[in-house]
Structures are given as C-alpha cells and as structure tokens.
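Residues per chain are reported as follows:
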Amino acid sequence: MKAPRITDTTLRDGAHAISYSFTEEQVREIVGGLDRAGVPVIEVSHGAGLNASTIQQGFSKTPEFDLIRAAVETAEKAKIASLFVPGIGTSEELRKAAEIGIGAIRVAVHCTEADVTEQYIRLAKELGIEAVGFLMMSHTQPAEVLAEQAKLMESYGADCVYVVDSAGALVPQGVRERVSALKEALSIDVGFHAHNNLGLAIGNSIAALEAGADQIDGTVRALGAGAGNAPTEVLVAALNKMDLNTGIDLSQLMDLSEEVVAPIMPGPIVIDRDNLSSGYAGVYNSFLLHVRHAAEKFDLNPTEIMEELGKRQAIAGQEDWILDVALELAKKKKVTV
Ligand SMILES: CC[C@H](O)CC(=O)C(=O)O
Ligand SMILES: [Mn+2]
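Residues numbered from 1 in each chain as written. Chains lettered and ligands numbered in written order. Predicted model: local features only at pLDDT ≥ 70, side-chain atom pairs only at ≥ 80, totals over all residues. Heavy atoms only, no water.

Student: I'm lost on the pairing of strand β7 (residues 189-193) in this one. Help?
Tutor: Most of β7 is tucked away, with four of its five residues classed as buried. Bridging between strand β6 (residues 160-164) and β7 involves five bridges; their strand directions are parallel. The residue of β7 that forms the bridge with Val163 is Phe192. A crossover connection joins β6 to the parallel β7 through helix α7 (residues 172-185); in handedness this β-α-β unit is right-handed. Bridge count between β7 and strand β8 (residues 215-218): two bridges; the pairing is parallel. Among the inter-strand pairings, Phe192 is bridged to a residue of β8, identified as Ile216. As a crossover connection, the stretch from β7 through helix α8 (residues 201-210) into β8 is right-handed. (Buried < 20%, exposed > 50% of the residue type's maximum accessible area, 1.4 Å probe, protein only. Helix = DSSP H or I, 4+ residues; strand = E, 2+ residues; numbered from the N terminus. Pairing = 2+ DSSP bridges. Right-handed = clockwise from strand over helix to strand, strands pointing away.)

Put into structure tokens, the structure is as follows:
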C-alpha cells in the first residue's frame, strides 16, 4: 500500500457545519496551519461549491472569492482547490476561481449524472488546472454503475475520480467494492471522501486505501456536514501507525485542531440521533441544517423528516423537498390528532 494524497476540506465541507460563516482571518489561520503541516491540497469554497451562496443553500458570511483569494495568498506549498456543482456554479465562477489561483476543481454531481460534468472538466483542463470528478451519494449505486460513470469523467479529461459517501451510509465492504471497481476501470487516480454517520469514516478510508485508493479526504476535527468527515489528524495518525508516510506533521495538525479549529466550532461533532438516522436512511449530510430548521418551524422531530427523505431517495439539489416533506408530515399529524 502507498500513502495517499490527502485533501483537507475543512474550509469547504466544514462550512456546512458552521452555517457558511468562515472569515478571511480564519481561512488564513487554517490554511497557514495546514500548509505548514504539509497538507498538499486544501479545499476552500461555499459548502455546496462555487456560487452556492443562495437562499436555497445558505448565504456565506464572507464572499467566497475573498476567502479563496486569502487561501491562495496564504498557501506557500499547498494547492488550493474548490468544489463546483454544475448548475449551481457556472463557467464564469470557474474561470474567476482559476484566475485567482486555485490549482484544482472538484466537479460534484449525483453519481448517475457524470455526463453533466463534461463541459466543466474540459474547461478546467483548458484553464490549466487539475480536474477531479466527485461522484456524490455513491452508496445509492452498485460498483459497476459507478465505474461506468467514472469512465465518462476520465474520458472528459479528469485527473481523478472520487467515490463520495455523502450520506455516511457505506460500510467497509461497500467501499472496497466501489473503489476496486473504479481502480480496475480507470487509469487515473481514485479518491474516497467519507462521512462519519455510522462511525466508520476512518475505517472506511482505510478500506478505500486497501482497495487501492490514491487520494483521501479529511477535515480537521471532523468539521464537516452532518456527522462530519474523517478527521485529518486522526487519519494521519492512523496512516503513521501503518507505516504510510504522507509527509504531514501530526503534531502541527493536532495543535491546529485544538487551538484554531475547536474554538470556531459551536460544539463537538457527534453522531447524535439526527446524524445516525440520516446515515442509516442514506440521506445526504448537507441536508442536516435545513432539516433542523424545518423541524423547528413545523414542530417535528428531525428524524421523521430524515426517514421520509430517505424513503423518497432525495439527492443533492433537492433541498426544496425538505420543506415539502416537513409540511406534509405536519399536516398528517394535525389530521390524526
Ligand atoms: C455539493 C456539496 C456536498 O457537501 C459535497 C460533499 O462533500 C458530499 O457529497 O459529501
Ligand atoms: Mn462531504
């Protein structure tokens, strides 16, 4: 097994957990710490990607291009990446981010919709930056389907394709099957992005590595949507124990986690009832904040909404279903009372 390339996405996936409130100062501090520790790729953007600061996705406190510029100015060695969801972001934002100096774009789509990434993966390559395909909600499809979708991304010029466990619903066997299928089908890198709803973010990342994954995501102190991600510092510690040297300084990462990231967090990331029910029902983690708001508004338990979204197989981009579901559940309750 070889050491993976680590991408830290605290400043992107973590934004979901703190209502998109990162400031330029926080970005400079976190990028500085990650860069000094030797993390090679740092992702910065709205949690739902470029141009996602909207009423549907949640408004950013600071314009994202200011955050991306701060990151690019701060990083001395690390490559700055951003996330891009076709339809939320447009070519204009992708060009602007490249102009500011990002070195990679991760193009994220539901895992059966690789065809909509073509235009953006090709544009990224024209702009001279790395292009990564991000197959979200990968638990919903069998390995063969994911491999076909990943092959499409490779044919558009992607440098890597990720299996993304958006709902934290996969177990190690499922991760192994999916990563192995992509490794067999592709000649580019394969990555894995975990969420911790079933307490398996680190275990699943190790399973991905055993199946040949080349790139793995983490977030400092697990700061990410819902149940959070694989904590980058824990991942590095586990890899060290496995004699896989990522070149990342563990003690600097632990300091960053304790002294810089923890104070920003409203509380520790835990697998509470909402997060466990979301992973168990296979619901997208980024829905959590919106589900909690809807539950409060309609006096419901967030778990009821999660279970119904799971039954309806809601995917990224269907945030508007959350209110519909909550309204329907509230009406039903009134009728039965
Ligand atoms: C498109 C936003 C989303 O949070 C991407 C991601 O990290 C995931 O699907 O897990
Ligand atoms: Mn995520």
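Student: Looking at this structure, how should I read the packing of α7 against α8?
Tutor: How two helices pack is summed up by the angle between their axes together with the distance between the axes. The geometry of α7 relative to α8 is characterised by a closest axis approach of 8 Å and an angle of 35 degrees between their N-to-C directions. In this structure, the crossing between α7 and α8 has a hand that is right-handed. Contact residues: Pro172, Val175, Arg176 and Val179 in α7; Asn204, Ala207, Ala208 and Glu210 in α8. Across the contact of α7 with α8, the residue classes break down as five nonpolar, one polar and two charged. (Axes fitted to C-alpha atoms, helices over the stretch in contact; angles between N-to-C directions. Left-handed = near helix turned anticlockwise from the far one by under 90°. Contact = heavy atoms within 4.5 Å. Nonpolar A, V, L, I, M, F, W, Y, C, P; charged D, E, K, R; others polar.)

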